[in-house]
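Analysis of the macromolecular model
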Amino acid sequence: MHNTADLQETVDEIARVLGASATLEDRSFRLLAYNAQHGEIDAVRQESILRRRATGEVRDYFERFGIARARGPVRIPADHDLKARICWPLRHGDVAYGYLWLLDSGWLTDEVLERARPLVDRAAAVLAQEARTRQDAGRGLRSLLSADPEERAGASLDVQGPVTAVAVRESPERVAALWTLPRGVLARAGSPVALLTPAHLAVEVAQTLQSVYGTAAGLGAPRTDPADAWQSWREAQQALRIAEHFTRFAPIARWEDLGVHRLLARLGRADLRELAAEVAALDPEQARTVETYLDLGGHAQKAAAELGVHRQTLYYRLGKAERALNRDLDDGDDRLVVHLGLKAAHLAR
């Protein structure tokens, strides 16, 4: 990982050389270091510093100027609370690993900016090295999350707790730059993508990747001891299955919020098929009717409204389903068997 003190020192030197306020962010617009010359700062920068990250609206605005593709400084004009600034992509090779932001008081000509080029190159090299280090750590994550005690014992990652595992389904149409995730997050590409993150960042990380892929994500419960992270990873994968099969938990399912679905997620395919066999006699319309009715606690009026049918139509369908199943939906045990069978049928497919 990069040395935060080194980056701060570099930003301080850039601000001194150019006589301008400077801010350094990674590719995900997360604040890494800043120097406000003479206290000069605008509302956007202040918000970024307080949040440690720029808002989505601000990121969208800046990216419209082509900063992700630029190979040199990009000038961005003033706009409302936004002062005129320069964005200098921190490129190493062909990859932009972050951005240097400079408040432009009007005298930062191309010639003046050139004075800071060695410092900009140094910051870019530091971020590139971090990206390589994180990719190497991601490869070691497989051992740490393994269910095999011997393989876990061979993991050499230095991880501090509490941590949470996140599972995200990849998309064949989209690619996420995993090294742009917040510092402290370990990521490994695969199906699903495996992430181990400080517990307080878990939801943010899941939301970030889920929005990139447009798929689903599952979060395991946090573990204080990183040696138990493999249990959180198992839960994350099971939560992902629930998110993919039940819209009420999509697109991001937290293991702690799944209730009885946790038990279903733990079942093997043979057990799920056995439960699903309890409702095999129902046709798709009957299955949807009964499941909606039971999901709503047997509230006929709400179920009819949800299904878009008259209440008498609902009663008619429920009666047919009871006869097909030889079950009484007014009986607690029968309701339980049918409800679990319907849920298991989703996972058994």
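Above this text you will find the structure in question.
Residues numbered from 1 in each chain as written. Predicted model: local features only at pLDDT ≥ 70, side-chain atom pairs only at ≥ 80, totals over all residues. Heavy atoms only, no water.

**Focus on the packing of aromatic side chains**
Tallying each qualifying case throughout the model produces six aromatic pairs. Geometrically, the ring pair formed by F29 and W101 is tilted, given 6.4 Å between the ring centres and 40 degrees between the ring planes. Separated by 72 residues along the polypeptide, F29 in the loop between β1 (22–26) and β2 (31–35) and W101 in strand β5 (residues 95–103) bring together distant segments of the chain. Accessibility assignment for this pair places F29 and W101 in one class, buried. Ring centres of F62 and W101 lie 4.3 Å apart, and the angle between their planes is 35 degrees; this geometry places the pair in the tilted category. You can see F62 sitting in helix α3 (residues 56–63) and its partner W101 sitting in strand β5, a full 39 residues away along the chain. Like F62, the residue W101 is buried in the burial classification. Ring pairing ties together the aromatic residues F29, Y61, F62, F65, Y99 and W101, which thus form one cluster. (Phe/Tyr/Trp six-rings, centres within 6.5 Å; stacked < 30°, edge-to-face > 60°. Helix = DSSP H or I, 4+ residues; strand = E, 2+ residues; numbered from the N terminus. Buried < 20%, exposed > 50% of the residue type's maximum accessible area, 1.4 Å probe, protein only.)

**Quick look at the pattern of salt bridges**
One pass over the structure, following the stated rule, counts 14 salt bridges. Salt-bridge contacts for D104 lead to R75; the nearest nitrogen and oxygen are separated by 3.2 Å. Of the two residues, D104 is situated in the loop between β5 and α4 (110–113) and R75 in strand β3 (residues 74–76); the sequence distance between them amounts to 29 residues. Between R117 and E114 there is a salt bridge whose closest N-O contact spans 2.6 Å. Taking the relative accessible area as the measure of exposure, R117 reaches 31% and is therefore partly exposed. When salt bridges with common partners are traced through the structure, they connect R75, D104 and D110 into a single cluster. (Salt bridge = Lys/Arg side-chain N within 4 Å of Asp/Glu carboxyl O.)

**What to know about the pairing of β1**
Side-chain direction in a regular strand flips from residue to residue, so the side chains alternate between the two faces of the sheet. Along β1, five of the five residues are buried, which leaves the element largely enclosed by surrounding structure. Of the pairings in the sheet, the one linking β1 to β2 comprises four bridges and is antiparallel in character. When the sheet's bridge partners are listed, E25 is paired in β2 with L31. Counting the residues between successive antiparallel strands, the hairpin from β1 to β2 contains four residues, one of them, F29, with a positive phi of roughly 65 degrees. As paired elements, β1 and β5 share five bridges and run antiparallel to each other. Residue pairing across strands places L24 opposite L100, the latter belonging to β5. (Pairing = 2+ DSSP bridges.)

**Observations concerning the sheet that holds strand β4 (residues 85–92)**
If you walk across this open sheet you meet the five strands as β2-β1-β5-β4-β3, and the pairing is antiparallel. Each having just a single partner strand, β2 and β3 make up the two edges of the open sheet. Between one strand and the next, the sheet's axes are offset by a mean angle of 20 degrees, whatever the strand orientation. Pairing of β4 with β5, which is carried by seven bridges, proceeds in the antiparallel orientation. Across the sheet, the residue bridging to H92 is V95, located in β5. (Axes fitted to C-alpha atoms, helices over the stretch in contact; angles between N-to-C directions.)

**Quick look at the side chain of S171**
Within the secondary structure, S171 is located in the loop between β6 (163–168) and β7 (186–188). If sequence neighbours within four positions are ignored, S171 has contacts with Y213 and T215. (Contact = heavy atoms within 4.5 Å.)

**A few points about the side chain of Q238**
Of note, Q238 is situated in helix α8 (residues 229–245). The residues contacting Q238, other than those within four sequence positions of it, are W255, A265 and R266.

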